[in-house]
Amino acid sequence: MVETGMAGSNAVRGWDIGRILTWVLLIFLIIVTIFPLWVVLKTALTPTRELFSSPLSLFPENPTLFNFRRVLGLVSVEENVAAGGSGQSINFMRSVWNSVVFTTLVVVFQTFFSALAAYAFARLKFIGREIIFFLYLAALMLPGAVLFLPNFVLIKNLGWLNTYVGMIAPFALMSPFAVFFLRQFFLSIPKELEEAAKLDGTSPFGTFWRIILPTSMTPIATLVILTGIGAWNEFFWPYLVAGSSDTMRTLPVALQYFRTQTPQGSPDWTGLMAGTFLSIIPIFLLLIILGRKVINSLQFSGLK
Amino acid sequence: MSTQVYTPSRTKTVSPSLWQRLFNQEAITAYIFILPSLIGFLAFFAIPAIRAFQISFTEWNLLRAPKYIGLENYQELIGDPVFWNSLKVTLQYVVWNIPLQTVLALFMAVVMDRVTKSMAVRGILVMPYLMSNVIVALIWLWLLDPNLGFVNLLIQKLGLGKQPFFVSLEQAIPTIAGVNVWRHMGFNALLFYAGIQSIPKSFYEAATIDGAGEWAMFRRITLPLLRPVTVFVLVTSLVGSFQIFDTVAVTTQGGPVDASRVVVYYIVQNAFAFSKFGYATAMSVVLFFILVLVTLLQMRILRGNTSDLSS
C-alpha cells in the first residue's frame, strides 16, 4: 500500500515505478495463489519412492500417472501396496458420483421451492405473509452450530442416515437467502406481464412457470452457481449423516477419510495429492467455461 | 388476479362476496406455493432451534430415551476446563483469522483496481475460495509438513529453522487461521473490488486536482465509501469464523493436546465420540448466545456509522 501510495499522485497512466511495483505485488499474490496447486500436481506426478529424493525440485524427475490410476482404482491392491498406497481404495468415482447427485438435488430442489415461495411473498396476498417472511429472514441469523444436533436427531429418527434424502433434507426445501434474494428480484418485474397472462386465463402456477421463471433466468443462474459451489464443497453435514458409509461419501468426505488412512505412519501423500488434484479439476473447468458468470455471481453475493 | 383485485378502483366496485372468494383462492394458491419452504423452515430451522434448548436439559446417548436433568449440563460445562479452553482457542483463531483476512483482501482489491480489470486475474485469485475446505486443508497439510513439506524445505534452504506448524502447541491455531486466510482472501478481495468499482471516479479526480496523495485518497475516499462492503464482509466472516470445524477436522483433529480443539470440534466430539449428546447441545446453545452477542455488537457498530453508508 505504501508503494502504490508514493507512486500514485503523479501517475494516472503509464509505466512509472509505482505501477511496476503494483504489478510486482499482484504477480506475487497470483504466485501465492497458484504455486501451492503446482506443488499438488508435482507431488501427484511423483513416484511414491522418489518423494523423499528431490522434494524441492519444481518438476518431477520421472513423472508418472500411477498415482492417478491407483486413486481411480485402476490398479490392483498388490501393486498399490507395493507403491506405498494404503491398499484401501478411496472409491473415488463413487464419491464423485455422490457429489454430483448431492449437488444436483440440492440446487434443483432448493432453487425451485425457494422461487415458488419467493413468488408468493412478492405477488400474492395472504394472511401471515409479513410474519412468515420475517421469520424466514430471522432464520438467516440462526447459526448452523446450534441447528445441526437436533437436525441430526431428526434425520436419525426418520431412518435417513446414510441416504441421499438425509444428506439433502436440510437444504432441499428452502434457503432463507434464496427466498429473500429471489423475492427482491420478483418485486422488480413489471406487473403488466402477469396481468396479460391472467386475462388469458393462465393459472397462477402457469404464470410462475411460463412468465416469472423465464424472465428471471439471470438471478436464478446466479443463485444456481452460488448454491452449486456451496453444495459441491459442503463437508460438515454429509460427513455427519453419511460419513460412516463408504458408498455414500461425497468427495470432500471421502478425501478426509483417505487422509486418515496412514499406511506407514504418515499419510499416503502422492495418492492424496492425486485425489486432491482430481478434485480441483471441476473448479478449473467451471472457471474456464463460466468464469465471467461465476465472478459476477460471487461479486453479487456481497452487494446486497 | 391479485393485482386487479387490489387496485383501489376495482376493490370498490367488486362485491364483498366475490372479493372474499378471490381472496381465498389467491390465499390458497399462496399457501400451496409456500408450503414446501414452510415445511423446510419448520423442520430444519424453527423446531430444531427450540429442540436444541430441550435437548440441552437432558442426558442422552442417542440410544436410550433422553433423561431430563435440568441445568446439570450447564453446571458441568462451567467446570469443564476443556470447554473453556475451546472457547479461548476459538477466540484466538478468530483474532488471527479475521483482521489478517480482511486487511489482505482490501490490499489485494486495491492492487487489482490499480493495474488491471482482467477477469482472468480475478478468476485466479478467487480460485482457493471455490475449493472445499477439505481440499484446501489437505494442500496445506502437505505443504507445511514438518519433514517433507515444500514450505519447510524452502525455509531451511533460506537458512532459517524448521517450523512445526500444525504439530506445535503455539503454531497450530495461527497456521489453521493462515490456511483459511489463503482460502477466503481472494473472495473477500472480489467483494471489495466490486465495491471500489461503484465509487464514482470523479471523487478521485477531484481529490487529485486538490493535490491529494494516493494514501490520503485511500483513507479519505476508498475506505469510508467501502464501509457497507466492509461491514458485510466482517459480519459474514466473523460468524463463520467462530464456527470453524472443517479445517481442524482434516489437519490437527484438535491437537496437539487441546491446542486447536475449537468449540465446534469439541461439540462434535462430545455428541458423536463421547455419546454425550445433551452435553454437546448445551455447549452449542452457549455458542449460539455468544454468536447472538457478537452479531448484536456488530449491528451496534453498523448503526453507529450509518452516516457513512448513505452515499
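Residues numbered from 1 in each chain as written. Chains lettered and ligands numbered in written order. Predicted model: local features only at pLDDT ≥ 70, side-chain atom pairs only at ≥ 80, totals over all residues.

Enquirer: Could you give me a rundown of the confidence of the model for chain B, with the residues and numbers involved?
Expert: Residues and elements named next belong to chain B. The share of residues in chain B with pLDDT of 70 or more is 89%, and the mean pLDDT across the chain is 87. In the predicted structure, residues 1-12 sits below a pLDDT of 50 and forms 20 contacts with residues beyond four places in sequence or in another chain. Residue range residues 306-311 is modelled with pLDDT below 50. Its contacts to residues more than four positions away, or to other chains, number 5 contacts. Interface confidence for the predicted complex, given as ipTM, is 0.88, next to a pTM of 0.88. (pLDDT = per-residue confidence, 0-100. Contact = placed C-beta atoms within 7 Å.)

Enquirer: Lay out the domain arrangement of chain B with the relevant residues and their values.
Expert: All names here are of chain B. Along its sequence, chain B is organised into domain 1 (2-56) and domain 2 (82-309). On the domain 2 side, the residues contacting the 4 residues of domain 1 number 6 residues. Looking at the side of domain 1 that touches domain 2, its residues break down into 3 nonpolar, 1 polar and no charged. (Domains from an automatic or database assignment. Nonpolar A, V, L, I, M, F, W, Y, C, P; charged D, E, K, R; others polar.)

Enquirer: Account for the packing of helix α9 (residues 172-197) of chain B against helix α12 (residues 227-242) of chain B, naming residues and giving values.
Expert: Packed helix pairs are characterised by how far apart their axes lie and by the angle those axes make with each other. Residue and element names in this part refer to chain B. At a closest axis distance of 9 Å, the pairing of α9 and α12 adopts a crossing angle of 155°. Comparing their axes, α12 and α9 come out roughly antiparallel. Regarding α9 and α12, the two cross each other, and that crossing is right-handed. Contacts between α9 and α12 involve H184, N188, L191, F192 and G195 on the former and, on the latter, V229, V233 and S237. Split into classes, the residues belonging to the contact of α9 with α12 amount to 4 nonpolar, 4 polar and no charged. (Axes fitted to C-alpha atoms, helices over the stretch in contact; angles between N-to-C directions. Helix = DSSP H or I, 4+ residues; strand = E, 2+ residues; numbered from the N terminus. Parallel < 35°, antiparallel > 145°, perpendicular 65-115°, else oblique. Left-handed = near helix turned anticlockwise from the far one by under 90°.)

Enquirer: Tell me about the packing of helix α2 (residues 17-45) of chain A against helix α5 (residues 81-115) of chain B, residues and numbers included.
Expert: Relative to each other, α2 of chain A and α5 of chain B sit at 125°, their axes nearing to 9 Å. With respect to each other, α2 of chain A and α5 of chain B are oriented oblique. In terms of crossing hand, the pair formed by α2 of chain A and α5 of chain B is left-handed. Counted together, R19, T22, W23, L25, L26 and L29 of chain A of α2 of chain A and M108, V111, M112, R114 and V115 of chain B of α5 of chain B form the full contact between these two elements. Each residue belonging to the contact of α2 of chain A with α5 of chain B can be placed in one class, and the counts come to 8 nonpolar, 1 polar and 2 charged.

Enquirer: A description of the interface of chain A and chain B should follow, citing residues and the corresponding values.
Expert: At the junction of the two partners, chain A supplies 82 residues and chain B supplies 84 residues. Here the side of chain A that touches chain B gets 14 residues from one element, more than from any other, and that element is helix α15 (residues 269-300) of chain A. Considering only residue class, the side of chain A that touches chain B consists of 56 nonpolar, 17 polar and 9 charged.

Enquirer: Would you mind going over unusual backbone geometry in detail, with residue names and values included?
Expert: For residues other than glycine, phi is negative in most cases, and the peptide bonds are mostly trans. Residues and elements named next belong to chain B. Backbone torsion omega between G255 and P256 reads -10°, so that peptide bond is classified as cis. In this structure, P256 sits in the loop between α13 (246-251) and α14 (263-273). For V257, which is not a glycine, the phi torsion comes out positive at approximately 50°. Mapping V257 onto the fold places it in the loop between α13 and α14. In this structure, S275 is a non-glycine residue whose phi angle is positive, near 55°. Relative to the assigned elements, S275 resides in the loop between α14 and α15 (277-304). The partly exposed category is assigned to S275, around which 13 C-beta atoms lie within 10 Å. (Buried ≥ 20, exposed ≤ 12 C-beta atoms within 10 Å, placed from the backbone.)

Enquirer: Please set out the environment of L193 of chain A residue by residue, giving values where relevant.
Expert: Residues and elements named next belong to chain A. Structurally, L193 can be placed in helix α10 (residues 191-199). Exposure remark for L193: the 12 C-beta atoms within 10 Å place this residue in the exposed category. As for L193 and F180, which are separated by 13 residues in sequence, their C-alpha atoms are 22 Å apart.

Enquirer: Requested: an account of the domain arrangement of chain A, with residues and values cited.
Expert: Each assigned domain of chain A is listed with its residue range as follows: domain 1 (2-82) and domain 2 (92-260). Taken over C-alpha atoms, the centre of domain 1 of chain A sits 36 Å from the centre of domain 2 of chain A.

Enquirer: Before we move on, could you go through the environment of T227 of chain A and cite the residues and values that matter?
Expert: Residue and element names in this part refer to chain A. Positionally, T227 belongs in helix α12 (residues 217-233). When the C-alpha positions of T227 and Q110 are compared, they lie 8.6 Å apart, and in sequence the two are 117 residues distant. Apart from the residues within four sequence positions on either side, T227 is in contact with V106, V107, Q110 and T111.

Enquirer: Please give an account of the confidence of the model for chain A that cites residues and values.
Expert: For chain A, the average pLDDT comes to 86, and 88% of its residues sit at 70 or higher. Residue range residues 1-11 of chain A is modelled with pLDDT below 50. Its contacts to residues more than four positions away, or to other chains, number 29 contacts.

Enquirer: Explain the nonpolar core to me, using residue names and the numbers behind them.
Expert: Soluble globular proteins tend to bury their nonpolar side chains together. Core analysis: the biggest nonpolar cluster contains 159 residues, and A117 of chain A together with L138, A189 and M283 of chain B have the highest contact counts within it. Top element by residues in this core is α9 of chain B. It accounts for 14 residues. Non-local contacts of A189 of chain B, meaning those with residues more than four positions away in its chain, are made with A105, M108, A109, M112 and L125 of chain B. (Core = buried A, V, L, I, M, F, W, Y, C linked by C-beta atoms within 7 Å.)

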